[in-house]
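Summary of the model geometry
These are the residues of each chain, in order.
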Amino acid sequence: QVQLVESGGGLVQVGDSLRLSCAASGRFFRSTTIGWFRQAPGKEREFISVVTWGDGRTYYSDSVKGRFSISRDSAKNTVYLQMNSLTPDDTAVYYCAGRQTFHAATYTYSRYYAYWGQGTQVTVSS
């Protein structure tokens, strides 16, 4: 059982940076996987990035690799998403998501994540 709460969204301009936070609580295992999805109006929920809790392995979608960086602070039970060089295509509701296992075949699919935060809006204006 994991509870997730996101924060840090807002309105920024093209090229700006923003850091999202996901505060987590509950039972964590070595393979617990926590990260981020986003959903723009009229589009499917899109995988962004996740990190495995035990060993800190990170995974990124091709659309954000090189611009976004995920990290975890074990002392604070918090996962961060540092977003740089933002564009209007990054505008979406960003959700923190969690699952208790990691599998290479399913980690990019939202339906395999049992735990979700409430979402935080990120808007990038041109």
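As the structure is a computational prediction, the values presented were derived from the model and not from experiment. (Residues numbered from 1 in each chain as written. Predicted model: local features only at pLDDT ≥ 70, side-chain atom pairs only at ≥ 80, totals over all residues. Heavy atoms only, no water.)

Side note on the sheet that holds strand 1 (residues 2–7)
Ordered by their spatial adjacency, 4 strands build an open sheet running 1-3-8-7, and the pairing between neighbours is antiparallel. Pairing within the sheet leaves two strands with one partner each, and these edge strands are strand 1 and strand 7 (68–73). Neighbouring strand axes in the sheet, compared pairwise and without regard to direction, differ in orientation by 20 degrees on average. Where strand 7 lies against strand 8 (residues 78–83), 6 bridges are found, and the strand directions are antiparallel. By the bridge assignment, Ile-70 is partnered in strand 8 with Leu-81. (Pairing = 2+ DSSP bridges. Helix = DSSP H or I, 4+ residues; strand = E, 2+ residues; numbered from the N terminus. Axes fitted to C-alpha atoms, helices over the stretch in contact; angles between N-to-C directions.)

Thoughts on the environment of Gly-56
Within the secondary structure layout, Gly-56 lies in the loop between strand 5 (46–52) and strand 6 (58–60). Judged by relative accessible area, Gly-56 falls into the partly exposed class, the value being 22%. The sequence separation of Gly-56 and Trp-36 amounts to 20 residues, and the corresponding C-alpha distance is 15 Å. What Gly-56 contacts, discounting residues up to four positions off in sequence, is Val-51 and Arg-72. (Buried < 20%, exposed > 50% of the residue type's maximum accessible area, 1.4 Å probe, protein only. Contact = heavy atoms within 4.5 Å.)

Observations concerning the state of the cysteines
Following the criterion strictly, the structure yields 1 disulfide and no others. Each sulfur of the disulfide joining Cys-22 and Cys-96 lies 2.0 Å from the other. A torsion of -80 degrees about the S-S bond marks the disulfide between Cys-22 and Cys-96 as left-handed. With a gap of 74 residues between them, Cys-22 in strand 3 (residues 18–26) and Cys-96 in strand 9 (residues 92–99) connect regions that are remote in the sequence. Both residues of the pair, Cys-22 and Cys-96, belong to the buried class. (Disulfide = S-S within 2.5 Å.)

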